[in-house]
Amino acid sequence: DSGVTQTPKHLITATGQRVTLRCSPRSGDLSVYWYQQSLDQGLQFLIQYYNGEERAKGNILERFSAQQFPDLHSELNLSSLELGDSALYFCASSEQGTSGSHEQFFGPGTRLTVL
Amino acid sequence: GNSVTQMEGPVTLSEEAFLTINCTYTATGYPSLFWYVQYPGEGLQLLLKATKADDKGSNKGFEATYRKETTSFHLEKGSVQVSDSAVYFCALSGGNYGQNFVFGPGTRLSVLP
């Protein structure tokens, strides 16, 4: 158990809909990362937050947005869903501070199916 | 920018065979290097790490040495088991806030009994 929790575990929805994925980082971790993993594909980095502020942005679509709240949990919002958005969405967290290796600890993922 | 290259596989081995998965990187400064493993149906788990040149990370019989001169971090195991079947990701971390974290494309390993 990494200490990172994600809800829900599975999500089935229809095209055009909007969903919210939730992530709680490990206790004390200030950074949260979101990734998308499609079938037989590698990890696509979406976005990183550090202590409530956006730190880095990857290949995140304009239909997707995220935020990190004062209690450090994060939400990833996916809107106008398309069939191609079906994937595993992972959240990861890493240690605080400007020193250290910043190794990431991953949650179990949310499997999104768009029908 | 930072990047990681690794053999994409799939790699198929017999039980007790020797495993090498190559990983090379491009980065500015002195990144930390990692190997993550993803078992079927699960999230990624940190397998091992190295934070400076010549460091050797090891865990569960797997080893990798941080080679700055060849910018490599190859994963090795002397005798693989069926339970090692998984996808292995090489990664590096850079930046003061870990904002330059880069994963390789992953290598799928299948170990046959």
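In this text the structure is predicted, and so the values were computed from the model without any measurement.

### Quick word on the overall build of chain A
Secondary structure assignment for chain A yields 0 helices and 11 strands. When the helices and strands of chain A are read in sequence order from the N terminus, they spell out β-β-β-β-β-β-β-β-β-β-β. Compactness check: chain A gives a C-alpha radius of gyration of 13 Å against a globular reference of 13 Å for 115 residues, within 12% of the reference. Principal-axis analysis of the C-alpha atoms places the extent of chain A at approximately 45 × 25 × 25 Å. Considering chain A as a whole, with its 115 residues, one finds that 51% of them fall into the buried category. Here the contacts in chain A between residues at least 6 apart in sequence split such that 54% fall between residues at least 24 apart. In the form shown here, chain A has an accessible surface area of approximately 5400 Å², with 46% of it arising from carbon and sulfur atoms. Treating the 8 positive side-chain charges of chain A as one cloud and the 12 negative ones as another, the clouds have centres 4 Å apart.

### Section: the sheet that holds strand E7 (residues 64-68) of chain A
All names here are of chain A. An order of E1-E3-E8-E7 is seen for the 4 strands of this open sheet, with the pairing classed as antiparallel. Of all strands in the sheet, those bounded by a partner on one side alone are strand E1 (5-7) and E7. Along the sheet, successive strands turn relative to each other by an average axial angle of 15°, direction set aside. Of the strand pairs in this sheet, E7 and strand E8 (residues 74-78) are connected by 5 bridges, and their pairing is antiparallel. Within E8, the residue paired with glutamine 67 across the bridge is glutamate 75.

### Overview of the layout of surface pockets
A water-sized probe, rolled over the atoms, reveals where empty space remains. In this structure, the second largest pocket encloses a volume near 280 Å³. In this structure, the second largest pocket is lined by 15 residues; those nearest its centre are Ser2 and Phe106 of chain A together with Gly43, Leu44 and Gln45 of chain B. Each residue belonging to the lining of the second largest pocket can be placed in one class, and the counts come to 7 nonpolar, 6 polar and 2 charged.

### Examining the interface of chain A and chain B
In this complex, chain A contributes 21 residues to the contact, which on the side of chain B involves 21 residues. Together, Ser101, Glu103 and Phe106 of chain A form the three largest contributors to the area buried by chain A at its contact with chain B, with a combined 27%. Across the chain A-chain B interface, the total number found is 1 salt bridge. Its salt-bridge partner being glutamate 103 of chain A, residue lysine 49 of chain B comes within 2.3 Å of it at the nearest N-O pair. There are 3 residue pairs in polar contact (both at pLDDT 80 or more) connecting chain A and chain B. Those elements that provide at least two residues to the side of chain A that touches chain B are strand E4 (31-37), strand E5 (43-50), strand E6 (53-57) and strand E10 (104-106) of chain A. At 4 residues, the largest contribution of residues to the side of chain A that touches chain B is made by E4 of chain A.

### Some remarks on the state of the cysteines
According to the stated counting rule, one finds 2 disulfides over all chains in the structure shown. Two residues, cysteine 23 of chain A and cysteine 91 of chain A, share a disulfide whose sulfurs are 1.8 Å apart. Around the S-S axis, the bridge from cysteine 23 of chain A to cysteine 91 of chain A shows a dihedral of about -50° and counts as left-handed. Of this pair, cysteine 23 of chain A sits in strand E3 (residues 19-24) while cysteine 91 of chain A sits in strand E9 (residues 87-94), placing them 68 residues apart in sequence. Cysteine 91 of chain A carries the same exposure label as cysteine 23 of chain A, and that label is buried. The side chain of cysteine 23 of chain B participates in a disulfide bridge whose partner is cysteine 90 of chain B; the two sulfur atoms lie 1.9 Å from each other. Torsion about the S-S bond of the cysteine 23 of chain B and cysteine 90 of chain B cystine: about -65°, corresponding to left-handed handedness. In this pair, cysteine 23 of chain B sits in strand E4 (residues 23-26) while cysteine 90 of chain B sits in strand E10 (residues 86-93), placing the two residues 67 residues apart along the sequence. Across this residue pair, the class does not change: cysteine 23 of chain B and cysteine 90 of chain B are buried.

Rules of the game
Residues numbered from 1 in each chain as written. Chains lettered and ligands numbered in written order. Predicted model: local features only at pLDDT ≥ 70, side-chain atom pairs only at ≥ 80, totals over all residues. Heavy atoms only, no water. Helix = DSSP H or I, 4+ residues; strand = E, 2+ residues; numbered from the N terminus. Rg over C-alpha atoms; globule rule 2.2 N^0.38 Å. Buried < 20%, exposed > 50% of the residue type's maximum accessible area, 1.4 Å probe, protein only. Contact = heavy atoms within 4.5 Å. Areas by Shrake-Rupley, 256 points an atom, 1.4 Å probe, with all protein chains shown as cover. Lys, Arg positive; Asp, Glu negative; His and termini not counted. Charge placed at Lys NZ, Arg CZ, Asp CG, Glu CD. Pairing = 2+ DSSP bridges. Axes fitted to C-alpha atoms, helices over the stretch in contact; angles between N-to-C directions. 1 Å grid on protein atoms, 1.4 Å probe; cavity = no way out; pocket = protein on both sides within 12 Å on 5 of 7 lines; lining within 4 Å. Points joined across faces, edges and corners; volume = space filled by probe spheres on them. Nonpolar A, V, L, I, M, F, W, Y, C, P; charged D, E, K, R; others polar. Buried area = accessible area lost by both parts, 1.4 Å probe. Salt bridge = Lys/Arg side-chain N within 4 Å of Asp/Glu carboxyl O. Polar contact = N/O pair within 3.5 Å; in protein donor to acceptor, adjacent residues only side chain to side chain. Disulfide = S-S within 2.5 Å.

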